[in-house]
Protein chains: 4
Amino acid sequence: MTEITLGMVGGGQGAFIGAVHRIAARLDGRFRLVAGALSSDPDRAAASAAELRIERSYTDWAEMARAEAARPDGIRAVAIVTPNNLHFGPAKAFLEAGIHVICDKPMTVTLEEALELREIAAKSDALFILTHTYAGYPMLREARRLVAEGALGKLRMAQVEYVQDWLAEPVSGKQADWRADPKQAGTGAIGDIGTHAAHLARFVSGLPIEQVAAEMHTFVEGRVVDDNIHVMMRMGAGVRGMLWASQVAPGHDNDLRLRVIGEKATVDWCHDRAEELRFTRLGEAPQILTRGGPGFQGQARVPGGHPEGYLEAFASIYADAADAIEAGALPEGLPGVEEGVQGLRFIEACLASDADDGRWTALKD
Amino acid sequence: MTEITLGMVGGGQGAFIGAVHRIAARLDGRFRLVAGALSSDPDRAAASAAELRIERSYTDWAEMARAEAARPDGIRAVAIVTPNNLHFGPAKAFLEAGIHVICDKPMTVTLEEALELREIAAKSDALFILTHTYAGYPMLREARRLVAEGALGKLRMAQVEYVQDWLAEPVSGKQADWRADPKQAGTGAIGDIGTHAAHLARFVSGLPIEQVAAEMHTFVEGRVVDDNIHVMMRMGAGVRGMLWASQVAPGHDNDLRLRVIGEKATVDWCHDRAEELRFTRLGEAPQILTRGGPGFQGQARVPGGHPEGYLEAFASIYADAADAIEAGALPEGLPGVEEGVQGLRFIEACLASDADDGRWTALKD
Amino acid sequence: MTEITLGMVGGGQGAFIGAVHRIAARLDGRFRLVAGALSSDPDRAAASAAELRIERSYTDWAEMARAEAARPDGIRAVAIVTPNNLHFGPAKAFLEAGIHVICDKPMTVTLEEALELREIAAKSDALFILTHTYAGYPMLREARRLVAEGALGKLRMAQVEYVQDWLAEPVSGKQADWRADPKQAGTGAIGDIGTHAAHLARFVSGLPIEQVAAEMHTFVEGRVVDDNIHVMMRMGAGVRGMLWASQVAPGHDNDLRLRVIGEKATVDWCHDRAEELRFTRLGEAPQILTRGGPGFQGQARVPGGHPEGYLEAFASIYADAADAIEAGALPEGLPGVEEGVQGLRFIEACLASDADDGRWTALKD
Amino acid sequence: MTEITLGMVGGGQGAFIGAVHRIAARLDGRFRLVAGALSSDPDRAAASAAELRIERSYTDWAEMARAEAARPDGIRAVAIVTPNNLHFGPAKAFLEAGIHVICDKPMTVTLEEALELREIAAKSDALFILTHTYAGYPMLREARRLVAEGALGKLRMAQVEYVQDWLAEPVSGKQADWRADPKQAGTGAIGDIGTHAAHLARFVSGLPIEQVAAEMHTFVEGRVVDDNIHVMMRMGAGVRGMLWASQVAPGHDNDLRLRVIGEKATVDWCHDRAEELRFTRLGEAPQILTRGGPGFQGQARVPGGHPEGYLEAFASIYADAADAIEAGALPEGLPGVEEGVQGLRFIEACLASDADDGRWTALKD
């Protein structure tokens, strides 16, 4: 296999998620980072590129899209790792330039942008991949497979939570500031982590979220965006669910848990035991499924008992992206533009329900 | 200390909770069971009494209340362990006869009965105790104490769930049948276990549930009562919460979990690790508090590391009841008639919200 | 069933294990405590008996044995809960008086006494029961059953540990003092908890400990008895094992863990998750067996998910003792005089190996 | 930072640990793999090199050492990932050629070779690094720091186990075959995983293993090398310990656990919860330390709650190796030739004790 040349928009010095994308792209040896518009500040862009030994440094992503598309050795794919409000513009530019886009979530700030991007992607030969990291965890993929195979029987419930505490007090700093600014982030916890939780429920159950009854809340005084959301969900096929996303709950560093419950069995997964999937058939003893266990059908870099983690999950998204680019189409399960649209629909429906005394509100275009 | 003479209504052969009440009453040596109307069936009543070596056997609780009140050596207290619809009548009869009542939950089937019973109790010299078992667990009492002391700071959230799977399929038998019959049980999961969950949130937080947005659901075909409920809660002091109670979720035998989250710290308790309380101050490492730990201020029969469980928790409710009877008043934290009323208010508000498109609905008399 | 009349030797005010025996005897309603030589101090004996509402109080156990044997309504069984050096005398006296003995462990201080007591028991019509509490835990009984049924295949290893920290520093007080006095306790950690661990390995594996290579150690300055022991074991049928018992290991309150490993499967049990047995067949996913699970064949007071603990395990030993007394013989698995002898053999062989540069030393009479 | 050019000996198609070394070398972007003697089979060497896009492929490591040393752009370091009996030769050749060596464990097959290699390394300008992976786990480094700082007080015990089940039955295949062949592997479980366990005890405690009493055992019929070892240890400063390594224990995929116990506190770490360190001060509640916690002083790629695992630990060894190569000396804690010697001493002393009826046997040169 040849390495796919990669560019990056955002991710300059001091950025968190950019460095994660770079490790993820590098881990399986499928991508080589050769170009970047790492910062809109020219000095920081240049310094960041030098530190990372990136050959072609830009300060403007629009120019980068044009220039790379024009080069015979231009990048084949670009990673967009900017704040939420700077996803749409670069994604549009690179898709229109025929360069594959690997974009952080949420896809855009508004549903209108999301729908527009979906149209742009439909017209482009380039692919759009959304880095819902958790879709890269082997045991969540296994959970999805078990559900799809019917091991759980008819589904009943999906209970999901994504809980953090790093914004439990007023926080400032590069990571916190843009997330708390409605202009850059759009929303707060719901966009930052609620969309991960919603995606996860959909990813494993294979069902859409059809209606929500939601309460958005802001606990920290002075904060403008939401920092805690409670949601009841009606999903496809009569499935009921609850979703909790919070960034203000002491004692939770990055705690994501999903239970999907069917008539015949339940799958239960927690981020802090990411290598295990608790699988219980009704009337049988709970089983601890792992990558090393007999039924596992996914892929892995190291044997069971040698824990893989967050970076490996992220790298699996990148490895799938590489496969997608080689194949010209997204493989089953890899999040793309439709998942981005679903994420924005979820956000908008929660906002609407919250504004309407908690009533059940349908997700719609 | 002298033993308190005890009677029992319900709890004949084949009953589950009656046997539990008897062990709980006996475990600390505070009660002696001497009388019973164990069954309305005379033969079963007599056989049950003989098996249990109970001196005075009745077939009618009304007669038992009259007869025991009239005897100089009549029972001082009675345990009511009948199906839900048979709580109100006996409770009324014994309270009016001046005999202390220890009653299983939910207190009654309707809020009207609950309010009436509260008035009866207010006029009686006898006490009314409601066996919300979980209020007997040492680490939940410790959690309540930590909250009351301010160790969590201003509270933010209460997340509670009580999840079982024993009704995941159509079930018949003595335990299941009355619970599935609206005439005997009133409601399904919400009364049977939802009230425990709601009580627990109130017990530890010390705050009332003020409003709910709820979805009641029945998953098992042919079942008339609810078997799964999802609730969003607004509690006192601006606290937000979620409550999930289910009897149809494979992989959950009797899983009760409560998290109460404050600005400064969180307490996290699960029934399957009942001897531990996870306590995390913001910015500090999580601590595993136990009965054997340095800060523990509760009471225990055996040292930390020698696990106490469900029967001990139940016995602690009975020990508190014995203390209450000796003192003539309920000690702080022991559930009584007001908790019974709150439980029914919770049920009625959930039903109302569910019927009204999930809107926020206030709990009221 | 009629209640069995019970006496108690030791267990006066301030004693720990006496109170535990009393709860255990009472919990299932099989015994009634009517006589006691609770203390050799007359005032304390009388005060303790009054507090416990015990009808017949003695200050001398020898006199108690004589007097009770002579009464037509004399006790049928006696619980011996004195320090180790006061087990032999009372056990002998009551057995010779034809009164069943329920005795705390270790059975005696020396192997000579143990062997003598075995002879006395053989000649007596009365039964001798040794309260190895852990043999009362449902999931350990389940483990024993699985091994006996061959579910593990040919056994390979037994790894057991019993670790505490309450003697990590020089400690004084009623509980600590006699345990640290070689005259009263004989040995330190090895007798107090090492014998529990050794019994557990034998109980579940069904195999004798044949040879040991041991290191006895005392970490706390000024202590005369051992407080930490490391043992390698050769058991019957070629099984290898390790045993660790410590009372000086911070972070361990009463942590007992046993793994029995066979060619085909492993059982793994920890005291702090006493209601679970981790059972893993080679090549299959680990299963969490519980009392509520489908294969469970033991007995229980409450359904799975309602945790039973230490007192219930202790009560199950008493319930078995009651069955034994009614039947005239010990049921399978209930520890008796032979287990007491095995415990002393284990202690003596460890002492001998330790004194002989760690060499493998056989357990012998 | 510039990338360090790297070669590899071993690790051709079908090899497990070679692929792990390559990911580890690549993950942090510190190394670039440019040369290899991936297999002694010319076709497989060439095919492997092509698949990995390695520029310079050799079939003979001796030639590779000469040729690379002669090139101006020759590799600066080499990773040796061959079976145990092929560590010594290449290590000697590359060290003598002035090329840094990163070698898998155990360092050699015999103590004689280990001592000779130590002399060779002492004379060379090149560094020797031994990939004891577990020294790369952040929470084990934290444990080591806590011990070194005195947070545990005077140490008492080290209990360590490394348990697998993949050789529980007779196994064949590339990975199993050479490990079961005494000519290639030297010993069985003791060399393959026992040395990891022994290193870990030394790494965290900071103390040497001075004496052992050991039992080596082979459970699987027909196997020539040991597959289970039980060891009692006397370490420096009066510390006592136990070590268990097994490859034949069903229910254990790759379970490594270490407890280091001091007068004041205990650290407890398990591989299957690698991101947590349980730290308990005597008389205080157990704390769960993590990378995200307040006291953490190590380095990490992603915040706490985003699990790092085995590959990240391995990559940290490589990152330290890169630092060492830039600095010209090994940083504190990075395993080198002395750890290799200690590993062989441990093996030889265990063999000697086992042959001498389990007697305490000193580790010596």
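Quick caveat, the model's predicted, so the values are computed rather than measured. (Residues numbered from 1 in each chain as written. Chains lettered and ligands numbered in written order. Predicted model: local features only at pLDDT ≥ 70, side-chain atom pairs only at ≥ 80, totals over all residues. Heavy atoms only, no water.)

What about the interface of chain D and chain C?
Then step 1. Of the residues lining the interface, 44 residues belong to chain D; the matching set on chain C comes to 44 residues.
Then step 2. Both faces combined, the contact of chain D with chain C buries some 3700 Å², and carbon together with sulfur accounts for 59% of it.
Then step 3. When the area that chain D buries against chain C is broken down by residue, the three leading residues are Arg-156, Glu-215 and Pro-250 of chain D, summing to 17%.
Then step 4. At the boundary of chain D with chain C, the tally comes to 6 salt bridges. (Contact = heavy atoms within 4.5 Å. Buried area = accessible area lost by both parts, 1.4 Å probe. Salt bridge = Lys/Arg side-chain N within 4 Å of Asp/Glu carboxyl O.)

Section: the sheet that holds strand E4 (residues 77-80) of chain A
Residue and element names in this part refer to chain A.
Then step 1. Strands sit in the order E3-E2-E1-E4-E5-E6 across an open sheet of 6 strands; the sheet is parallel. The open sheet terminates on both sides in strands that have one partner only, identified here as strand E3 (56-57) and strand E6 (128-130).
Then step 2. Where strand E5 (residues 100-103) meets E6, 3 bridges bridge the pair, whose relative direction is parallel. The residue bridging Val-101 from the neighbouring strand is Phe-128, located in E6.
Then step 3. Across the sheet, helix H1 (residues 17-27) touches strand E1 (4-9), strand E2 (31-37) and E4, and the angle it forms with E1 is around 175°. (Pairing = 2+ DSSP bridges. Helix = DSSP H or I, 4+ residues; strand = E, 2+ residues; numbered from the N terminus. Axes fitted to C-alpha atoms, helices over the stretch in contact; angles between N-to-C directions.)

Comments concerning the UniProt feature "domain: Gfo/Idh/MocA-like oxidoreductase N-terminal" (unreviewed entry) in chain A
Then step 1. The UniProt record marks residues 6-130 of chain A with the feature "domain: Gfo/Idh/MocA-like oxidoreductase N-terminal" (unreviewed entry), using the residue numbering of this structure.
Then step 2. Each end of residues 6-130 of chain A is marked by a C-alpha atom, and these two atoms are 16 Å apart; helix forms 42% of the span and strand 19%. (UniProt positions renumbered as here; feature names shortened; annotations may be inferred.)

Quick word on the interface of chain A and chain B
Then step 1. Counting residues at the interface gives 44 residues for chain A, matched by 44 residues for chain B.
Then step 2. Across the interface of chain A and chain B, roughly 3700 Å² is buried in total on both sides, 59% from carbon and sulfur atoms.
Then step 3. Sorting the residues of chain A by area buried against chain B places Arg-156, Glu-215 and Pro-250 of chain A first, and these three jointly supply 17% of that buried surface.
Then step 4. At the boundary of chain A and chain B, one finds 6 salt bridges.
Then step 5. A salt bridge links Glu-161 of chain B to Arg-259 of chain A, with the shortest nitrogen-to-oxygen separation between them at 2.8 Å.
Then step 6. Across the contact surface, chain A and chain B share 20 residue pairs in polar contact (both at pLDDT 80 or more).
Then step 7. Listed by contribution, the elements that provide at least two residues to the side of chain A that touches chain B are strand E7 (155-163), strand E8 (209-217), strand E9 (228-235), strand E10 (240-246), strand E11 (255-262) and strand E12 (265-270) of chain A.
Then step 8. For the side of chain A that touches chain B, the element with the most residues is E10 of chain A, which contributes 6 residues.
Then step 9. Residues that form the side of chain A that touches chain B fall into these classes: 18 nonpolar, 13 polar and 13 charged. (Polar contact = N/O pair within 3.5 Å; in protein donor to acceptor, adjacent residues only side chain to side chain. Nonpolar A, V, L, I, M, F, W, Y, C, P; charged D, E, K, R; others polar.)

Quick word on the side chain of Lys-105 of chain A
Then step 1. Its location among the elements puts Lys-105 of chain A in the loop between E5 and helix H5 (111-123).
Then step 2. Residues contacting Lys-105 of chain A, with those up to four places away along its chain left out, are Asn-84, His-87, Leu-130, Thr-131, His-132, Gly-191, Asp-192, Thr-195 and His-196 of chain A.

Concerning helix H2 (residues 42-51) of chain B
All names here are of chain B.
Then step 1. Of all the positions in H2, only Ala-45, Ser-48 and Ala-49 are classed as buried. Along the axis of H2, the buried residues cluster in a sector spanning 100°; they form a single face. In H2, those exposed residues whose orientation departs by more than 90 degrees from the buried face are Asp-43, Ala-50 and Glu-51.
Then step 2. Contacts from the buried residues of H2 go to strand E3 (56-57). (Buried < 20%, exposed > 50% of the residue type's maximum accessible area, 1.4 Å probe, protein only. Arc of directions from axis to C-beta.)

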